[in-house]
Amino acid sequence: MSMGTTTGPNSRRRGGRSRGRRPGGPLGPLVLLLAVLSALLLPVAGPVTGAQAAAKAPRAGSQAIDPTIPAPTAAELGMDPSTTGGNGCASGAGTGGGTAWLAYSDVMAGQIRLMVKLPGLASPTGSWSATAHVWDTDGSASTDLTSLAGPGGTYAYLWLKLPVADGHTYGWYAQTTNGQAASPDSVSCYFTVDSGRPSAAQITSTDFPATGSGAAATKSAGQAGTFDLSGSKDALPAGCTSASAPDCASSGLAYYLYSVGSEPGVGAPRATPDSCGNASLNLSFTWGSQTLYVTPVDTAGLSGPTSVYSFYVPWPALPPSAAASPLPSCTTYVPATPTRVLDTRNGIGGFSKPLGASASLALKVAGKNGVPATGVGAVVLNVTATGATAADWMSVYPDGQARPTVSNLNFGKGQVLANLVTVPVVNGSVDVYNAAGSVNVVADLVGYYTTASSGSTFVSAGPTRVLDTRSGTGTAKKQLGAGSKISLQVAGVNGAPANVTAVALNVTATGATQASWIAAYPDGQPLPQTSTVNFTAGRTTPNLAIVPVVDGKVDFYNANGSVDVVADVTGYFTGDATGAHFYPAGPARMLDTRDGTGSAKAPVGAAAALAVQLAGRAPVPATGVSAVVMNVTVTGGTAGGWLAAYPDGQGKPTTSTLNFTPGLTVANLAVTPTTNGKVDFYNAFGTVNVLADVAGYFSAG
């Protein structure tokens, strides 16, 4: 066994005898006087940090250091029970970063041993022993341990008496001693405690629906079907809301074990999830009733409850068909300073002539302009059509896929028109298609969604008007003049968090005295060579913008004349994991009042609202969706007016999504929060047909 002393953060005394002079000798009064003066003159130290706890701790033993005794190496240090991700001596004291994970439960209290390899050298006392110093890296506690003596070349065991807590990271180092001299200190080792087990997985399949669901299988015996696994989360320590917070580390979901007919055992196949816990299985079966078992396991090795999914495989065989598409990967957002990545007028992006009728181009986006070469789920581009020779429309979609029957921009001959697009990335590229005539295409990168968890998550809000130069909302009550800019405070206002990294704004230009453009960009940065909204005199023109936030603000610049600027917030991106992840999907048409898709086959009337069910209609899941990204289009309006997309049941909105004039077709991207799985559309004047194409959705699941 081992002996140990446990201390608080400000005590770093080692176990063992003190070899200093006993008080009461001839120097006693002088020592006492000096101690009093030091206490009066020196500042009082604050709490000792984890790094200081290691640096300030004295040597493990009381013997002199003998450099000929080798310090224990990392390979000669370990723990029992063993850890995952390391042998108990992982380097690096970051929260969970580079550390070994110790799967821990209360029944293990007092049962954790540190292991130190004793030197295989002769000892003058005939034996060796080990000492160790252990500390919580938050500086809250530490302990010193000493092992029993043993022969060289064997392992010494030191029982850890320091209580350990879920989510905390601990450091330790050791020495060996022969009773007369000690080795130098070993390297410092780190391990993190994980007590929380992952939650049960949800299993769904449209190919083989669950027994009792009432749905029929679309696959049969011998045909591969897709099973989607989702919803499993590794538990955070009690009182924690984010694994990045101090003392809140969680090892995270590592994989799913699965089997058919019985619970997964040793050697069962594994499925690796994405950063949101989603994975897909592609399996085939013999006919009859079948049962799929799935068990989640975290990185520390703790398993969660096993989910059971029963279904029926029909016979005879159904006609062959492709397996259902797996769940899209969850992504986080990385904002970027607006950067021009395509301009067919001057060759930026590799294309130097207008895009012709019924023609397309493939724009490489991955691995360029700050976008990673891999792990990109979607890009956000502000796409502008200019110099069109005919009234036309344009579609932006994943590279190599069949061209969808939806549009992103609708524009007239000679018109300069922009629209924000969010488009999934396939083969590192996106495709742009032009329907009629010829047109120059300009695209400005404003951000991308990555499958890594390092980006920002989304918090839906509003829609809320945060800027209106007509009324003095968010700024002075006056138009924005030529060559002028205004700054808008975003962080900490209207419910926006202090750690906001980007904001989703529907920016509208109205009452312009001449044709111009507006740029929305991060506060304090140089004016980008890109635009957000292009407009003509007297026309009201909106465009969605996702703008990086710097110093809590975003700036708006107007090039020519004067114009009123209106901005409505629909959500924020934050630098922690408390928001929702984005799932690129589609484009998929969810509403078309011309043919009855998603609603009655009739235009939306004046001062009328239309509720559209989105949740549960592919590609939007039935639950867990907080907002959708959709391209909203109006066409055939009988009067000039405006349309608003907003969460179901909120009542008549005070903001707009797009503005239009009679007869024109106008589109605008919208990030719209959902309520009850629905989004409502409100039309102010006349009648108008409304279309909505989903490009993805946000979900915390």
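Residues numbered from 1 in each chain as written. Predicted model: local features only at pLDDT ≥ 70, side-chain atom pairs only at ≥ 80, totals over all residues. Heavy atoms only, no water.

Novice: I'd like a rundown of the packing of aromatic side chains, residues and numbers included.
Specialist: For the coordinates displayed, the defined rule picks out 24 aromatic pairs. A centroid spacing of 5.0 Å and a plane angle of 65° characterise the contact between Phe-285 and Phe-311, whose relative ring orientation is edge-to-face. Linking Phe-285 in the loop between strand 16 (279-283) and strand 17 (288-298) with Phe-311 in strand 18 (residues 307-313), this pair joins segments that are 26 residues apart in sequence. A centroid spacing of 6.1 Å and a plane angle of 65° characterise the contact between Phe-573 and Phe-698, whose relative ring orientation is edge-to-face. Here Phe-698 lies in strand 42 (residues 689-699) and Phe-573 lies in strand 34 (residues 564-574), a separation of 125 residues in the sequence. The exposure class assigned to Phe-573 is buried, which follows from its relative accessible area of 1%. Members of the aromatic cluster, connected to one another through ring pairs, are Tyr-333, Tyr-449, Phe-458, Phe-573, Phe-582 and Phe-698. Taking the ring centre of Tyr-433 as reference, the NZ or CZ of Arg-403 above it sits at 3.9 Å. (Phe/Tyr/Trp six-rings, centres within 6.5 Å; stacked < 30°, edge-to-face > 60°. Helix = DSSP H or I, 4+ residues; strand = E, 2+ residues; numbered from the N terminus. Buried < 20%, exposed > 50% of the residue type's maximum accessible area, 1.4 Å probe, protein only. Lys NZ or Arg CZ within 6 Å of the ring centre and 35° of its normal.)

Novice: Explain the state of the cysteines to me, using residue names and the numbers behind them.
Specialist: Overall, the coordinates contain two disulfides when judged by the stated rule. Residue pairing for Cys-240: its cysteine sulfur links by disulfide to Cys-248, the two sulfurs lying 2.0 Å apart. Linking Cys-240 and Cys-248, the disulfide has an S-S dihedral of approximately -75° and is accordingly described as left-handed. Judged by its relative accessible area of 7%, Cys-248 is buried. Residue Cys-276 pairs covalently with Cys-330 via a disulfide, S to S 2.1 Å. Where Cys-276 bonds to Cys-330 through sulfur, the torsion about that S-S bond is close to 95°, and the disulfide is right-handed. Pair noted here: Cys-276 is in the loop between strand 15 (270-271) and strand 16 and Cys-330 is in the loop between strand 18 and strand 19 (332-343), with a separation of 54 residues, a long-range link. For the residue pair Cys-276 and Cys-330, the accessibility class agrees, reading buried in each case. (Disulfide = S-S within 2.5 Å.)

Novice: Describe the pattern of salt bridges, and please don't skip the residues or the numbers.
Specialist: Applying the stated criterion across every chain, the model contains 12 salt bridges. The shortest N-O distance in the salt bridge between Asp-592 and Arg-589 comes to 3.7 Å. Its relative accessible area of 26% is what places Arg-589 among the partly exposed residues. Between Arg-589 and Asp-693 there is a salt bridge whose closest N-O contact spans 2.6 Å. With Arg-589 in strand 35 (residues 581-592) and Asp-693 in strand 42, this residue pair connects regions lying 104 residues apart in the sequence. In this structure Asp-693 comes out as buried when scored by relative accessible area, which is 3%. (Salt bridge = Lys/Arg side-chain N within 4 Å of Asp/Glu carboxyl O.)

Novice: Would you mind going over the pairing of strand 6 (residues 129-136) in detail, with residue names and values included?
Specialist: With respect to burial, strand 6 is a largely interior element, eight of its eight residues being buried. Here strand 6 shows a buried face lined by Ser-129, Thr-131, His-133 and Trp-135 and a second buried face lined by Ala-130, Ala-132, Val-134 and Asp-136. Relative to strand 9 (residues 169-177), strand 6 runs antiparallel, the two sharing eight bridges. For Ala-132, the partnering residue across the bridge sits in strand 9 and is Ala-174. With five bridges joining them, strand 6 and strand 7 (residues 142-146) adopt antiparallel strand pairing. Its bridge partner being in strand 7, Thr-131 is matched across the sheet by Thr-146. Between strand 6 and strand 7, which pair antiparallel and follow one another directly, the connecting turn spans five residues, one of which, Gly-139, has a positive phi of 80°. (Pairing = 2+ DSSP bridges.)

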